[in-house]
Amino acid sequence: MNILKSFLIAATFGTVAASAAQAATDPALIQRGAYLARVGDCMACHSAPGKPEYSGGLPIDSGHGIIYSTNITPDRQRGIGGYTEKQFADAVRRGVRADGTHLYPAMPYPNYAKVTDADIHALYAFFMSGVKPSNLQPPQTSMDFPFNLRWGMAVWNLVFASDKPFQPQPKWNDQVRLGAYLVEGLGHCSSCHTPRGVAMNEKADSSADAQYLAGGDLNGWPVPSLRGMPHWSSQDIVDYLLTGRNRTAAVAGEMTQVVAHSTSHMRTVDLDAIAAYLKSLPPVPGKSPTVKPQGGMATIRKLTAAKDLTLGERLYLDNCAACHFVTGKGATRVFPQLNGATVINADSPAALVNVILAGAATPSTAKAPSVLVMPGFAHRMNDAEVAELATFLRQGWNNRAAPVTERNVKAVRATLTSAH
């Protein structure tokens with residue numbers, strides 16, 4: 001039986017009653033907790049480059065200041081070694097530390113509120129007995145006024161957070177129910193893929209709401225809808241989460257770390273359940289074309305003839321066609337398809353411009369160890385050239401997005417410069 005399905009069954013008939021001492025001597029429970037920590041992607045936020053695992057210190061730009069992730073190793077001075085299981089559960093599911101201080105929702109406790117007692121128990125066993133203690137002290141979080149007043153999070157929680165447990169819908173079968181539990185809870189997919197309100201609250205908190213997983217914006221990067229995913233098969237979803245690539249796309253942006261640290265370590269049966277759940281959601285209604293596309297065959301013929309080309313088309317032939325070809329179809333599981341790509345047709349061109357300027361690289365995973373690299377062209381193209389290339393990509397073949405301006409490119413380039 002799937003390990004996570006067994007957790008759900010255990011939670012249905014009662015919580016696991018075991019002391020911390022017993023948990024510390026149960027290798028199977030610790031191993032289950034280690035797997036759940038991967039599902040929850042705890043590593044990505046609580047591990048900084050060159051530092052011990054889970055010792056914190058990763059800077060997270062909130063838009064209102066820098067939040068540094070905390071040390072969650074079992075060190076009693078700097079970490080969570082002094083936490084009882086109840087205090088650990090409150091931190092994970094309510095965003096309240098052992099000393100009563102409120103966490104910022106960069107820690108996705110509104111999602112983790114749906115994690116069962118059984119899963120919390122296994123996670124506690126892992127972090128107390130399966131993680132090496134570290135006395136590293138992360139830098140202090142520095143937020144602008146009034147966001148530096150942590151007591152205000154109590155009000156935010158009262159208005160926007162929910163402590164409701166996971167609620168499966170009656171129509172779901174066992175596989176979809178498991179996938180929903182993983183996505184809504186530990187997977188915390190909605191923290192990026194659900195639109196947010198003016199208070200940075202998620203506008204929906206469960207599958208029952210049409211805005212849930214309907215896409216959003218993450219630090220200026222357009223995040224696609226996960227509802228129904230009509231252009232991908234279930235196997236495409238599994239391949240993407242397991243390897244960072246599938247027959248038409250390759251991972252980029254924040255999702256690269258999610259695949260590297262979390263989904264590539266998950267069991268195929270759980271990824272199959274996630275795919276089944278996502279495919280079960282009614283898709284977001286399609287939008288009318290922003291512009292009339294050039295047309296697939298018309299684009300292919302013009303690029304092949306290489307006559308009377310626009311600047312964007314010339315730049316494409318000189319810099320992109322060797323990998324993505326005049327068809328815009330790329331190469332299966334190697335070079336992503338450009339014709340119809342979500343990142344190209346997004347309302348905001350920011351992600352596309354970011355990839356053109358900075359490049360991208362797939363993570364090395366167990367199932368796909370080779371790293372596929374797209375070089376960045378920030379040093380090779382000026383803002384006007386990038387705008388022309390991006391505009392061609394967004395209107396060539398069957399793509400139908402609005403043109404890109406030099407101002408769009410300049411804004412993205414500035415974020416790359418400030419990051420370095």
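Every residue gets a number counted from 1 within its own chain, in the order that chain's sequence is written. Given that this is a predicted model, residues contribute local features only at a pLDDT of at least 70 and side-chain atom pairs are listed and counted only at 80 or more, while totals for whole chains, interfaces and linings are drawn from all residues. The basis for the side-chain values is all heavy atoms of the structure; hydrogens and waters are excluded.

Q: So what exactly am I meant to see when it comes to the overall build of the chain here?
A: If you tally the helices and strands in the chain, you get 20 helices and seven strands. With the principal axes as the frame, the chain shows a C-alpha extent of 75 × 45 × 40 Å. Across the 420 residues in the chain, those meeting the buried criterion constitute 46%. Considering only intrachain contacts with a sequence separation of at least 6, the fraction spanning at least 24 residues in the chain is 63%. Accessibility throughout is a Shrake-Rupley quantity obtained with a 1.4 Å probe, and a residue counts as covered only by protein chains that appear here. Accessible surface, the chain: about 20,600 Å² in total, of which carbon and sulfur atoms supply 57%. Only DSSP runs of H or I with at least four residues qualify as helices, and only runs of E with at least two residues qualify as strands; both kinds are numbered from the N terminus onward. Using a 1.4 Å probe on the protein chains alone, a residue whose accessible area is under 20% of its type maximum counts as buried, one over 50% counts as exposed, and one in between counts as partly exposed. The criterion used for residue contact is that any of the two residues' heavy atoms lie within 4.5 Å.

Q: How do you make sense of the pattern of salt bridges when you look at a structure like this?
A: Where side chains of opposite charge bring their charged atoms close, a pairing between them can arise. A carboxyl oxygen of Asp or Glu within 4 Å of a side-chain nitrogen of Lys or Arg is what we treat as a salt bridge. Summed over the entire model, instances satisfying the criterion amount to eleven salt bridges. Taken together, the shared-partner salt bridges connect Lys86, Asp90 and Arg94 into one network.

Q: What am I meant to see in the domain arrangement of the chain here?
A: Many authors give the size of an interface as the accessible area that is lost as the parts come together. For every domain, the bounds stem from an assignment made automatically or drawn from a database. The domain boundaries assigned to the chain delineate domain 1 (25-160), domain 2 (174-280) and domain 3 (296-418). Throughout, the accessible surface (probe 1.4 Å) given up by two parts as they are put together, summed over both, is called the buried area. Among the residues of domain 2 in contact with domain 3, Trp221, Pro222 and Arg245 are the three that bury the most area, contributing 35% of the side total. Under this definition, polar contacts are N or O atom pairs within 3.5 Å; protein pairs additionally need one hydrogen-donor-capable and one acceptor-capable atom, and for neighbouring residues in sequence, both atoms have to be side-chain atoms. Put simply, domain 2 and domain 3 have four residue pairs in polar contact (both at pLDDT 80 or more) between them. Going through the elements one at a time, β5 (221-223), α11 (234-243) and α12 (255-261) are the ones with two or more residues in the side of domain 2 that touches domain 3.

Q: Help me out: how do you make sense of the sheet that holds strand β2 (residues 65-68) in this one?
A: Here a strand pair is declared whenever DSSP counts at least two bridges between the two strands. Pairing within the open sheet is antiparallel, and its three strands lie in the order β1-β2-β3. What marks the edges here is a single partner per strand, and that holds for β1 (59-61) and β3 (142-143). As defined by bridge partners, β1 adjoins β2 across three bridges and the pair is classed as antiparallel. Note on β2: the bridge partner recorded for Asp61 is Ile66.

Q: Teacher, can you tell me more about the packing of aromatic side chains here?
A: Two measures describe an aromatic ring pair: the distance that separates the ring centres and the angle between the ring planes. Pairing of aromatic rings covers Phe, Tyr and Trp, the last through its six-membered ring, and needs centres within 6.5 Å; plane angles under 30 degrees mean stacked, over 60 mean edge-to-face, and all others mean tilted. In the structure shown here, the tally under the stated rule is twelve aromatic pairs. Each ring, one from Tyr54 and one from Phe126, has its centre 6.1 Å from the other, and the planes form 80°; the classification is edge-to-face. Here Phe126 lies in helix α7 (residues 117-129) and Tyr54 lies in the loop between α4 (42-46) and β1, a separation of 72 residues in the sequence. Across this residue pair, the class does not change: Tyr54 and Phe126 are buried. A connected cluster of aromatic rings, assembled from ring pairs, spans Tyr54, Phe88, Tyr124, Phe126 and Phe127. Here, over-ring charges are defined by two tests on the NZ atom of lysine or the CZ atom of arginine: distance to the ring centre within 6 Å, and angle to the ring normal within 35 degrees. The residue whose ring lies beneath Arg267 is Tyr35, and the NZ or CZ to ring-centre distance is 3.9 Å.

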